[in-house]
Amino acid sequence: MIELRGIGKEYAQASATVRALVDVDLDVDAGEALAVLGPSGSGKSTLLHLLGLLETPTRGTYALGGRAVSGLAPDELARVRNREVGFVFQRFHLVPRLDAVENVALPMRFGSVGRRDRRRRALELLDEVGLAERATHRPAELSGGQQQRVAIARALALRPRLLLADEPTGALDQSVGSEILELLLGLNRGGTTLVVVTHDEGLAARLPRQVRMLDGRVERDDRRVQSSPQA
Amino acid sequence: MLSWILSGLWADRVRTGLVALGVLWGTLGLASLLAFGGEMLRATSGTARNFGVDLMRVAGAATTRPSRGFPAGRSIGLEAGDEKLLASLPSVRGAVLEHNLWGRTYRVGDARHTGTLVGTQPGFADLRSRRVRPGGRFLSERDEREERRVCYLGAFAARALFGSADPIGREVEVLGTPFRVVGVGPDEVQISNYNGDERNKVYIPASTYRALTGRRSPSFFVVGLVAPNAADAASAEILGALGARYGFDPADTAALEIQDYTEMQRMIGAILGGNRALTALVGLFGFLVAALGVANATWVRVEESRREIGLAVALGARRRHVMTPPIAEAALVALGGGAIGLGLAAVCFALAGMLDVPLEVRAYLGDPRVSLALGGGIVGLLAVAGAVSGWIPARRAARVDPMVVLREE
């Protein structure tokens, strides 16, 4: 599903060049679930954005689903991101002026899905995340957990093969965070590849694979052999 | 996309409304200015033409130089028939004589009217733009040739003598003699006149005038020029021709009293031209202010929507998804505000058109209306200006880095 080879990412700053990622190799199989851990500044968020095609590497190659994507033009990258990748953010990032259905339908809008189909699919997804009765509520009328469920439903709108979550439980209390993680794992069990960036060891421990980052490099890559996400 | 754009505008409806209100107000002012300016130009030009175009008036005066054995100070009295000499000059397109008798009283039964009596020739109608109400005519060659007792009435004279009845074919007592009315002038204002308002005058054939009054000398000649810039050449030609005939030095300009009305035309043209330039300038500034207002509001909206734009990019929005909304929003605000402003202007002018405005006011202001072509043009230009105003904010939107804004909390 994901093949990173010799990935480097550098940012030019006023006084120096920051090396956010250094020679990163990473393979993620389809249907796999993994956590990316590391302290602040370790490069885990840069890695996530690179996986989500929001960033392009300074060097190295990135293949997503067997297709080299590191050299694509911006609009083609957007098209792949829209179709292949779902994002879940720590702060949910729902559009305040839109209700839950419209928020969920947002990626489909950019994917040129017709209005009626958008609405039908969005309602289905809200039902799947247990928020059918909150479909017409705006973000301000929803709890944190409910907002994150809407965000997850939005991430699934175009049935992406890769789901990227950036600290998805970071803004939630423990019990709600646990429910959200369970929801994400459930999706993974359904076949969606899941990459979660977190600094929460407890959360990471519930995923079968942990990739630890330090100073822009993959420091460790641990797999738990006894569990299978497809099981 | 449209619903996305509209929902964005609705979410920011207070600012959108205020900007649209600004555009509305600007458009209302601009449309009013253009409608007034255009109509004022048309009406005033028309009113100026009511006097006649490219005219001079020529009368005899007194010499200031001795010539051909005559001393200085000799009176020059022009005679009937001189109009033919004047009409033959290269810079002159036509000439007629005019006898004027001030303060004559005309009677129809008990009705009385006092005004100048004019004895003139048929060519006067063309030179002095004397139009005729339907059913009538001006004085003809036959009237002149046969010294007929026929008259053409100014509008005020006709109203005073006949009220609302049709005067054509009826009789009016002029110089103690019954005259048949053959034509009546329309009620129209003139920018200039001599010997009183044209609407108070009564016109009869010059030959009839001379027969009844015994006065042979014309008061003056009305001379039409071939072009507005022919006044100097015409003056020289007139002085030369009449100087040769009456024995005065053509360089003695005081021998004739030549009134040049092209000067007045030039002055009116300059005033109207200035008015048009000012209208265009104010309109242009109004347009720029409206466009800047829209651009500014769109810029602020883009700045405030950076997180939303970043999110859209993260969710797969392409460049056109990001750039179209600011451009379309700006165009829609300009279009909406402009269309409402024009609608209001149209309604205001329609209501104003129902008022009973005096003819003297309408003669210069006309009947301003917001034309469909003008309105469509303004709305179209506003939409384009709005879209252009949204272009720079849109480019800024396209440069939003989703990584940065999604990390900002």
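Everything discussed here concerns the structure shown above.
Residues numbered from 1 in each chain as written. Chains lettered and ligands numbered in written order. Predicted model: local features only at pLDDT ≥ 70, side-chain atom pairs only at ≥ 80, totals over all residues.

It is not clear to me how the overall build of chain A should be interpreted in this structure. Could you clarify?
For chain A, the helix and strand inventory stands at seven helices and ten strands. Here chain A holds 231 residues, and 49% of them are scored as buried. Considering only contacts in chain A between residues 6 or more positions apart, those separated by 24 or more positions represent 68%. (Helix = DSSP H or I, 4+ residues; strand = E, 2+ residues; numbered from the N terminus. Buried ≥ 20, exposed ≤ 12 C-beta atoms within 10 Å, placed from the backbone. Contact = placed C-beta atoms within 7 Å.)

Mind showing me how you'd approach the packing of helix α11 (residues 319-353) of chain B against helix α13 (residues 372-398) of chain B here?
Packed helices, taken two at a time, are described by the angle between their axes plus the distance between the axes. Residue and element names in this part refer to chain B. Taken N-terminus to C-terminus, the directions of α11 and α13 make an angle of 150 degrees; their axes are 7 Å apart at the nearest point. Put simply, α11 runs roughly antiparallel to α13. When the axes of α11 and α13 are compared, the crossing they make is right-handed. A class-by-class count of the residues in the contact of α11 with α13 yields 23 nonpolar, five polar and two charged. (Axes fitted to C-alpha atoms, helices over the stretch in contact; angles between N-to-C directions. Parallel < 35°, antiparallel > 145°, perpendicular 65-115°, else oblique. Left-handed = near helix turned anticlockwise from the far one by under 90°. Nonpolar A, V, L, I, M, F, W, Y, C, P; charged D, E, K, R; others polar.)

Could you clarify how one ought to interpret the interface of chain A and chain B in this entry?
How big an interface is tends to be stated in terms of the accessible area lost upon association of its parts. Contacts between chain A and chain B engage 21 residues on the former and 17 residues on the latter. Put simply, the parts of the chain that give the side of chain A that touches chain B at least two residues each are α2 (74-84) and α3 (100-110) of chain A. Among the elements that make up the side of chain A that touches chain B, the one with the highest residue count is α2 of chain A (six residues).

Is there a simple way to explain the packing of helix α1 (residues 2-11) of chain B against α11 of chain B in this structure?
All names here are of chain B. Taken N-terminus to C-terminus, the directions of α1 and α11 make an angle of 65 degrees; their axes are 10 Å apart at the nearest point. The interaxial crossing formed by α1 with α11 has right-handed handedness. Along its contact with α1, which presents Trp 4, Ile 5, Gly 8 and Leu 9, the element α11 presents Pro 325, Ala 328, Glu 329 and Leu 332. Residues belonging to the contact of α1 with α11 are distributed by class as follows: six nonpolar, one polar and one charged.

Before we go on, may I ask you to explain the sheet that holds strand β5 (residues 67-68) of chain A in this structure?
Note: strands within a sheet are paired through backbone hydrogen bonds, in either parallel or antiparallel orientation. Residue and element names in this part refer to chain A. The four strands are arranged β2-β1-β4-β5 in an open sheet whose pairing can be described as antiparallel. Edge positions in the sheet fall to β2 (17-28) and β5, since each of these pairs with one other strand and no more. Pairing of strand β4 (residues 59-64) with β5, which is carried by two bridges, proceeds in the antiparallel orientation. The residue bridging Leu 64 from the neighbouring strand is Arg 67, located in β5. (Pairing = 2+ DSSP bridges.)

What is the right way to look at the environment of Ala 135 of chain A in this model?
All names here are of chain A. Turning to its location among the elements, Ala 135 is positioned in the loop between α4 (115-128) and α5 (144-155). For Ala 135, a count of 17 C-beta atoms within 10 Å corresponds to the partly exposed category. Between the C-alpha atoms of Ala 135 and Ala 100, which are 35 residues apart in sequence, the distance is 5.0 Å. With residues near it in sequence (within four places) discarded, Ala 135 still touches Asp 99, Ala 100, Val 101, Leu 123 and Leu 126.

Whenever I open this one, the sheet that holds strand β10 (residues 217-223) of chain A confuses me. Can you help?
Residue and element names in this part refer to chain A. The strand order β6-β7-β8-β3-β9-β10 describes an open sheet built from six strands, whose pairing is mixed. Edge strands, defined here as strands with exactly one partner in the open sheet, are β6 (85-88) and β10. Between one strand axis and the next, the sheet turns through 20 degrees on average, direction left out of account. Both strand β3 (residues 33-37) and strand β8 (residues 193-197) contribute to a ladder of four bridges, which runs parallel. The residue bridging Ala 33 from the neighbouring strand is Leu 194, located in β8. α5 rests against β6 and β7 (162-166) of the sheet, and its axis sits at about 170 degrees to β6.

Could you clarify how one ought to interpret the nonpolar core in this entry?
Grouped together as the largest cluster of nonpolar side chains are 114 residues, with contacts concentrated most on Val 36 and Val 104 of chain A together with Val 294 and Ala 334 of chain B. Looking at this core element by element, the count peaks at 13 residues for α11 of chain B. Once residues within four sequence positions are removed from consideration, Val 294 of chain B is found in contact with Val 19, Val 23, Ala 330, Val 333, Ala 334, Gly 386 and Ser 389 of chain B. Of all hydrophobic cores here, the second largest spans 55 residues; its members include Val 172, Val 184, Leu 225 and Ala 255 of chain B. (Core = buried A, V, L, I, M, F, W, Y, C linked by C-beta atoms within 7 Å.)

Explain the pairing of strand β7 (residues 202-205) of chain B to me, please; I cannot follow it from the model alone.
Two faces belong to every sheet, and in a regular strand the side chains alternate between them. Residues and elements named next belong to chain B. Strand direction decides the pairing type here: strand β3 (residues 111-120) and β7, joined by four bridges, are parallel. In the strand pairing of β7, Leu 117 is matched with Val 202. Bridge analysis of strand β4 (residues 150-153) against β7 gives two bridges, and the strand direction is antiparallel. Each residue of the ladder has a partner; that of Leu 153, found in β7, is Val 202.

Explain α5 of chain A to me, please; I cannot follow it from the model alone.
Side chains of residues three or four places apart in an α-helix project in the same direction, reflecting 3.6 residues per turn. Residue and element names in this part refer to chain A. Over its twelve residues, α5 runs 16 Å from end to end, which matches the ideal 16 Å to within 8%, given 1.5 Å per residue. Most of α5 sits out of view: ten of its twelve residues are buried. Restricting attention to buried positions, one finds in α5 the residues Gly 145, Gln 147, Gln 148, Arg 149, Val 150, Ala 151, Ile 152, Ala 153, Arg 154 and Ala 155. As for α5, its buried residues are in contact with β6, α3, α4, β7 and α6 (174-189). (Expected span 1.5 Å × (residues − 1).)

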